[in-house]
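# Chain and residue survey
Single-letter residue listing:
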Amino acid sequence: MSMAAALGTHTNSDGIYWAIDRYLEKHAYLTEKEKEQVCRVLNSRKMSPEACEHAAKNERLPVRVIVQVLFIAQLQLRETLTKGVWGYDD
């Protein structure tokens, strides 16, 4: 996971998300706090809609991460609707 953090998230965080998902799948014994520590490298703002959808349903992720993903998805949807309906382009 430290390698993922070192590489950064230039275009999107999908690869990091899928790596975290696999890691949590193989290390099911981790506590919620340990899972949160692993997920700190994840940038939910840079995740694709598909990865966000999967993360929102992923029972392996800490609840805090799921809520964060849902919040970001809601903000992105709101922004898209605002641009589409009202023609705003901030």
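Look up a bit, the structure's there.
Residues numbered from 1 in each chain as written. Predicted model: local features only at pLDDT ≥ 70, side-chain atom pairs only at ≥ 80, totals over all residues. Heavy atoms only, no water.

### Brief notes about the side chain of S13
- In this fold, S13 is placed in the loop between α1 (2–7) and α2 (14–26).
- In terms of polar contacts, S13 uses its side chain to reach the backbone carbonyl oxygen of N43, at 3.1 Å.
- The residues contacting S13, other than those within four sequence positions of it, are L42, N43, K46 and M47. (Helix = DSSP H or I, 4+ residues; strand = E, 2+ residues; numbered from the N terminus. Polar contact = N/O pair within 3.5 Å; in protein donor to acceptor, adjacent residues only side chain to side chain. Contact = heavy atoms within 4.5 Å.)

### Focus on helix α3 (residues 32–39)
- Among all positions in α3, only K35, V38 and C39 are buried. Buried residues of α3 fall within an arc of 95 degrees about the axis and therefore sit on the same side. α3 presents K33 and Q37 as exposed residues on the side facing more than 90 degrees away from its buried surface. (Buried < 20%, exposed > 50% of the residue type's maximum accessible area, 1.4 Å probe, protein only. Arc of directions from axis to C-beta.)

### Regarding the packing of aromatic side chains
- Using the criterion set out here, one finds one aromatic pair in the structure.
- Ring centres of Y17 and W18 lie 4.9 Å apart, and the angle between their planes is 65 degrees; this geometry places the pair in the edge-to-face category.
- Judged by its relative accessible area of 0%, Y17 falls in the buried class.
- Residue classification places W18 among the partly exposed residues on the basis of a relative accessible area of 31%. (Phe/Tyr/Trp six-rings, centres within 6.5 Å; stacked < 30°, edge-to-face > 60°.)

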